[in-house]
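This is what each chain is made of:
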Amino acid sequence: MRACVDIGGTKVAVSLSASSDAPLIGRRSEPTAKTGDNDAVAVQIMRMIDEVCAEQGIDPATIDRVGVSSTGPFELRDGLVELATPNICGGIAGPSRGLPNSWMTAIIEAPLVQRFGSVRVENDAVAALEAERHWGALKGLDNCAYATWSTGVGVGLCVDGKALRGKNGNAGHAGHSFVVDDATGALCGCGNYGDVEALVGGNSIGHRFGQSAADLFSAASAGDPKALETAEALCRVFGRMLYNMVVVLDLQRISLGGSVFWHHRDFVLPRLQAQVDGRLLPLTRGVTLVPAGLGDKVGDYAALALLD
């Protein structure tokens, strides 16, 4: 039996599966632990696995493989992944980001390996990329990407049929790239001012504009002039990041997910596509941005894809 874990800046979800082709069962979700010692998320995951097993009548001792799809970046300590995640670890940018801890990293892999033995931890966008290539909107494509617009901004990249990982598994952190000069009030949890995540991430929208992403985009969709101007500016920032990825890596298609995108995709998607269309045609002609084929379940299947 396998455990599939999805760690985000807002929530942790746990499901079980008998194999990579079996359905997910017993899904539980709760807010990501952010207080106590910096192994709190790992402790939370193990508790949630036990609870799901109890609900499903499964002996936790039968869990022999765990896939963890997690928001990053990562740091490696003795070869094992710790999270250096701006929306979880409050010590990175300091008290002004409002997180209730001073963690520089959150220990993840070491406690899980000690209990379960076989554990694979990957960046959530890389894992979602693999899920989308296996079951979703990127099937059959060798040059593609998955991008999430959620609490934070993450990207998984595939070039010449190979998912890119980098030296510490951090390839694809385009959310921490810079696309504009004006960084007023835009502090990212990573400590940068004015990177993409600081400008458009769901967490940052609340800090910058005093309202949630849901309220902002709902007002924009309803035609509120100020909200519409703000939402269109956010789409330009995110869309320029996608364009940069296309021209740097010569991509065919980008699959999109994450709560900010998914809940407002009818408003957001055409505005993002407009940032790609018509620019440098030899590289952008025919490139499409599409909703994730796995929909709002992409995070759950991302963890399962790691155990294929």
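The preceding data block contains the structure.
Remember, it's a predicted structure, so these values are computed and weren't measured experimentally. (Residues numbered from 1 in each chain as written. Predicted model: local features only at pLDDT ≥ 70, side-chain atom pairs only at ≥ 80, totals over all residues. Heavy atoms only, no water.)

Caption draft 1: Quick peek at the sheet that holds strand S7 (residues 106-107). Read across the open sheet, the 3 strands follow the order S5-S6-S7; overall the sheet is antiparallel. Two strands close off the open sheet at either side, each with one partner strand: strand S5 (74-77) and S7. (Pairing = 2+ DSSP bridges. Helix = DSSP H or I, 4+ residues; strand = E, 2+ residues; numbered from the N terminus.)

Caption draft 2: Broad picture of unusual backbone geometry. With an omega dihedral of 0°, the bond running from Gly 72 to Pro 73 counts as a cis peptide bond. By the element assignment, Pro 73 lies in the loop between strand S4 (65-70) and S5. In this structure, Asp 78 is a non-glycine residue whose phi angle is positive, near 55°. Considering the arrangement of structural elements, one finds Asp 78 in the loop between S5 and strand S6 (80-83). Residue Asp 250 is not a glycine yet carries a positive backbone phi of 60°. Counting through the fold element by element, Asp 250 comes out in the loop between helix H7 (225-249) and strand S12 (253-257). Residue Asp 250 is classed as partly exposed on the basis of its relative accessible area of 47%. (Buried < 20%, exposed > 50% of the residue type's maximum accessible area, 1.4 Å probe, protein only.)

Caption draft 3: Main features of the state of the cysteines. Here the structure, examined in full by the defined rule, presents 0 disulfides. Of all cysteine sulfurs, the one in Cys 53 lies closest to Cys 4, which takes part in no disulfide; the gap is 12 Å. Cys 4 gets classed as buried once you look at its relative accessible area, which sits at 2%. Assessed through its relative accessible area of 0%, Cys 53 is described here as buried. (Disulfide = S-S within 2.5 Å.)

All we've got here are geometric facts, nothing functional implied.
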